[in-house]
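Coordinate analysis (summary)
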Amino acid sequence: MIAIIDYKAGNLTSVVKALRYLGAGDVVVTQAPEEVLRADKIVLPGVGHFQACELLDDLGLTDAVREAVAKGVPFLGICVGLQWLYEGSTEAAGTAGLGHFGGRCERFPAEFEGAELKAPHVGWNSLEEVRGDSRLLRGIEPGSFVYYTHSWRAPVSEDTAAKTMYGGAFTAAVERENVMGVQFHPEKSAETGLLVLRNFLEFA
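Attention here is on the structure that accompanies the text. (Residues numbered from 1 in each chain as written. Predicted model: local features only at pLDDT ≥ 70, side-chain atom pairs only at ≥ 80, totals over all residues. Heavy atoms only, no water.)

Attention now goes to the nonpolar core. Membership of the largest hydrophobic core comes to 38 residues, with the highest contact counts inside it found for Leu19, Leu127 and Leu137. Among the elements of the structure, strand E1 (2-5), helix H1 (13-21), strand E4 (75-78), strand E10 (145-150), strand E12 (160-165), strand E13 (169-176), strand E14 (179-182) and helix H6 (190-202) are those that each provide at least two residues to this core. If you tally residues by element for this core, the top one is H6, at 5 residues. With residues up to four places along the chain from it excluded, the contact list for Leu19 reads Ile2, Ile4, Ala24, Val27, Val43, Leu197 and Leu201. Judged by nonpolar contacts, the second largest core, of 32 residues, contains Ala3, Ile42, Val65 and Tyr86. (Core = buried A, V, L, I, M, F, W, Y, C linked by side-chain atoms within 4.5 Å. Buried < 20%, exposed > 50% of the residue type's maximum accessible area, 1.4 Å probe, protein only. Helix = DSSP H or I, 4+ residues; strand = E, 2+ residues; numbered from the N terminus. Contact = heavy atoms within 4.5 Å.)

Right, dumping it as C-alpha cells:
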C-alpha cells in the first residue's frame, strides 16, 4: 500500500492519478499515522505555504514518518514535501521540518547577477549534474526538463541528487538511502516525471 499524506497542502488528485496510471495498485490518501506505519511506501506532496506542515505534527504524522523511515520504508517528498525534509524554511520560521537533511530552505533572491529575479519560479527548467548513483533519477539524463512552481528553494548539499539553475543552483532532487524528495512536480513533468515516479515505485 502507498500512503499519500494529506495535510491540506494542495490538490493530491494529480499525484494519485499518476501513480495509478503507472500501476501502483493500492494508493490511499490519509491523515492517519497508523496507515502511514502500515504503508509499503509513503508520498508527501504539497504546494503552498510551509506553515501547513504544522498539521503533520498536530496529527502525529511526523513521528509516524520518522518511525517508518527508520524501518527502511521508501519516502518521497514533492515540492513543499521536499522542503519539509530539511530543518525548516524562512517562509515559516517557527515551523520545524523533519530535519532529515541539514540546512534550511530560503526564498529566491530579488535579483541575481545584477538583474531582477522573478519569484515564484514557474515553468519548465532543466536538471543538471544528475548524480550517477541516484536510484530515484535512474535513466534520467542531465538536461532533462521538469516542471516547477515555487518561491523557496532547498540548499545544495552532499545529498543533492540533481540541481537546477535559477538565481544560482538549488536542489532539484535530494536522496539518501530510502528518503527522497523532488522540488519539481513529477506528476506534471511529462515522461521525465513519470520515470521518476516509476523509479520510486520500483524502489525496494
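Taken in spatial order, the 7 strands of this open sheet run E2-E1-E3-E4-E14-E13-E12, and their pairing is mixed. On the outer flanks of this sheet lie strand E2 (27-30) and E12, each paired with one strand and no other. Strand-to-strand twist of the sheet, defined as the mean angle between neighbouring strand axes without regard to direction, takes the value 20 degrees. Where E13 lies against E14, 4 bridges are found, and the strand directions are antiparallel. If you follow Val174 over to E14, its bridge partner there is Gly181. Lying over the sheet, H1 contacts E1, E2, strand E3 (41-44) and E4, oriented at roughly 165 degrees with respect to E2. (Pairing = 2+ DSSP bridges. Axes fitted to C-alpha atoms, helices over the stretch in contact; angles between N-to-C directions.)

A few words now on the side chain of His150. If you trace the backbone, His150 turns up in strand E10. Residue classification places His150 among the buried residues on the basis of a relative accessible area of 5%. Engagement of the side chain of His150 in a polar contact is seen with the backbone oxygen of Trp152, the distance being 2.8 Å. When near neighbours in sequence (up to four residues on either side) are disregarded, His150 contacts Phe108, Pro120, His121, Phe170 and Gln183. (Polar contact = N/O pair within 3.5 Å; in protein donor to acceptor, adjacent residues only side chain to side chain.)

Below, the discussion takes up the sheet that holds strand E5 (residues 88-89). Ordered by their spatial adjacency, 3 strands build an open sheet running E5-E6-E11, and the pairing between neighbours is mixed. Two strands bound the open sheet, and with one partner strand each, they are E5 and strand E11 (152-153). The pairing of E5 with strand E6 (residues 104-107) spans 2 bridges and is parallel. Each residue of the ladder has a partner; that of Ser89, found in E6, is Cys105.

Following the criterion strictly, the structure yields 7 salt bridges and no others. A salt bridge links Lys8 to Asp6, with the nearest nitrogen and oxygen atoms 3.4 Å apart. Since its relative accessible area comes to 60%, Lys8 is described here as exposed. Among the ionic pairs, Asp63 bridges to Arg66, the shortest N-O distance being 4.0 Å. With Asp63 and Arg66 both in helix H4 (residues 61-70) and 3 residues apart, this pair spans about one turn of that helix. (Salt bridge = Lys/Arg side-chain N within 4 Å of Asp/Glu carboxyl O.)

Going residue by residue along E14, you find Val179 and Gly181 tucked away on one face and Met180 and Val182 tucked away on the opposite face as well. Direction of pairing for E4 relative to E14: parallel, over a ladder of 4 bridges. When the bridges of E14 are listed, Phe75 appears paired with Val179. Connecting E13 to the next strand, E14, in antiparallel fashion are 2 residues, including Glu177 with a positive phi near 55 degrees.

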